[in-house]
Amino acid sequence: MVGKPVGLPCLRGTIMLLRGLFWLVLCQLLGTAINALFLPMLPGPILGMLLLVVFLLCRGQVDEPIQQAASSLLKYLPLLLVPPAVGVMAYAEAIAADFWAVIGALVLSLILSLVFAGWMMQKLIERQARRREQP
């Protein structure tokens, strides 16, 4: 029986996912290389994430393979919270000894995050208004 291959859409989705994962891993590896060669004070994955953001800003869009890979990885994001939770439980005494420093850092980061989120929201609202005004 000659016909359409059954697994073709599934194969296309898998190839797209692998292409997206390739770009994500490539950015992380480049970030790690930059970390090892030039900036040892910043973690490689953070530098890789910044490279990815710059790449996506230059492109002006998120391609489907990267979108699919990122959304597939987001399902497992809660698993990344397990090690910090274990660390908090294991080092509760050390955290309690520096309680006010930890609280100060948390409050400062909260304030900075809120200010940045508000500023970013204003910029996005202005951008959307400009797009609506253009014919």
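Everything here concerns the structure above.
In this report, we go over the structure that sits alongside the text. (Residues numbered from 1 in each chain as written. Predicted model: local features only at pLDDT ≥ 70, side-chain atom pairs only at ≥ 80, totals over all residues. Heavy atoms only, no water.)

### So, the overall build of the protein
Turning to step 1, where the next piece is worked out: Assigned secondary structure in the protein consists of six helices and zero strands.
Turning to step 2, where the next piece is worked out: The secondary structure elements of the protein, listed N-terminal to C-terminal, are α-α-α-α-α-α.
Turning to step 3, where the next piece is worked out: In terms of C-alpha radius of gyration, the protein reaches 21 Å, well past the compact-globule figure of 14 Å for 135 residues.
Turning to step 4, where the next piece is worked out: Principal-axis analysis of the C-alpha atoms places the extent of the protein at approximately 75 × 45 × 30 Å.
Turning to step 5, where the next piece is worked out: The proportion of buried residues among the 135 residues of the protein is 10%.
Turning to step 6, where the next piece is worked out: Accessible surface, the protein as shown: approximately 11400 Å² in total, 74% of it carbon and sulfur. (Helix = DSSP H or I, 4+ residues; strand = E, 2+ residues; numbered from the N terminus. Rg over C-alpha atoms; globule rule 2.2 N^0.38 Å. Buried < 20%, exposed > 50% of the residue type's maximum accessible area, 1.4 Å probe, protein only. Areas by Shrake-Rupley, 256 points an atom, 1.4 Å probe, with all protein chains shown as cover.)

### Points about helix α2 (residues 44-59)
Turning to step 1, where the next piece is worked out: For α2, which comprises 16 residues, the first-to-last C-alpha distance of 22 Å matches the rise-based estimate of 22 Å (1.5 Å per residue) to within 8%.
Turning to step 2, where the next piece is worked out: Regarding α2, the residues found buried are Gly44, Leu47, Gly48, Leu52 and Leu56. (Expected span 1.5 Å × (residues − 1).)

### A look at a positive patch on the surface
Turning to step 1, where the next piece is worked out: Residues Lys123, Arg127, Arg130 and Arg131 make up a contiguous surface patch of positive charge.
Turning to step 2, where the next piece is worked out: You can see Arg130 is positioned in helix α6 (residues 99-133). (Patch = residues over 30% accessible without salt bridge, like charges linked within 9 Å, V, L, I, M, F, W, Y side chains within 5 Å. Salt bridge = Lys/Arg side-chain N within 4 Å of Asp/Glu carboxyl O. Lys, Arg positive; Asp, Glu negative; His and termini not counted. Charge placed at Lys NZ, Arg CZ, Asp CG, Glu CD.)

### Let's talk about the side chain of Asn35
Turning to step 1, where the next piece is worked out: Among the secondary structure elements, Asn35 is positioned in helix α1 (residues 8-37).
Turning to step 2, where the next piece is worked out: For Asn35, the side chain forms a polar contact with the main-chain oxygen of Leu39, separated by 3.2 Å. (Polar contact = N/O pair within 3.5 Å; in protein donor to acceptor, adjacent residues only side chain to side chain.)

### Thoughts on the packing of aromatic side chains
Turning to step 1, where the next piece is worked out: The full count for this structure, using the stated rule, is four aromatic pairs.
Turning to step 2, where the next piece is worked out: A centroid spacing of 5.5 Å and a plane angle of 15° characterise the contact between Trp23 and Phe55, whose relative ring orientation is stacked. Of this pair, Trp23 sits in helix α1 while Phe55 sits in helix α2, and the two are 32 residues apart along the sequence.
Turning to step 3, where the next piece is worked out: Taking the centre distance of 5.1 Å and the plane angle of 80° together, the rings of Phe99 and Trp100 count as edge-to-face.
Turning to step 4, where the next piece is worked out: Classification of Phe99 as partly exposed rests on a relative accessible area of 41%. (Phe/Tyr/Trp six-rings, centres within 6.5 Å; stacked < 30°, edge-to-face > 60°.)

### A short note on the nonpolar core
Generally speaking, a soluble globular protein has its nonpolar side chains buried in company with each other.
Turning to step 1, where the next piece is worked out: Formed by Leu24, Cys27, Leu52, Leu56, Ile66 and Ala69, the largest nonpolar core amounts to six residues.
Turning to step 2, where the next piece is worked out: Secondary-structure elements contributing two or more residues to this core are α1, α2 and α3 (64-74).
Turning to step 3, where the next piece is worked out: Apart from the residues lying within four places of it in its own chain, the contact partners of Ile66 are Gly20, Trp23, Leu24, Phe55 and Leu56. (Core = buried A, V, L, I, M, F, W, Y, C linked by side-chain atoms within 4.5 Å. Contact = heavy atoms within 4.5 Å.)

### With respect to a nonpolar patch on the surface
Turning to step 1, where the next piece is worked out: A cluster of nonpolar side chains, contributed by Val88, Tyr91, Ile95, Phe99, Trp100, Val102, Ile103, Leu106, Val107, Ile111 and Val115, occupies part of the molecular surface with about 1100 Å² of accessible area.
Turning to step 2, where the next piece is worked out: The dominant element in the nonpolar patch, judged by the number of residues it contributes, is α6, at eight residues.
Turning to step 3, where the next piece is worked out: Its location among the elements puts Phe99 in helix α6.

### Quick word on the environment of Leu52
Turning to step 1, where the next piece is worked out: Within the secondary structure, Leu52 is located in helix α2.
Turning to step 2, where the next piece is worked out: Take Leu52: its relative accessible area is 15%, and that puts it in the buried class.

### Quick look at α3
Turning to step 1, where the next piece is worked out: Within the span of α3, buried status applies to Pro65, Ile66 and Ala69. One side of α3 holds all its buried residues, which, seen down the axis, span an arc of 95°. (Arc of directions from axis to C-beta.)

### What about the state of the cysteines?
Turning to step 1, where the next piece is worked out: With the rule as written, the count across this model stands at zero disulfides.
Turning to step 2, where the next piece is worked out: Cysteine Cys27 is unpaired, with the sulfur of Cys58 as its nearest cysteine sulfur at 12 Å. (Disulfide = S-S within 2.5 Å.)

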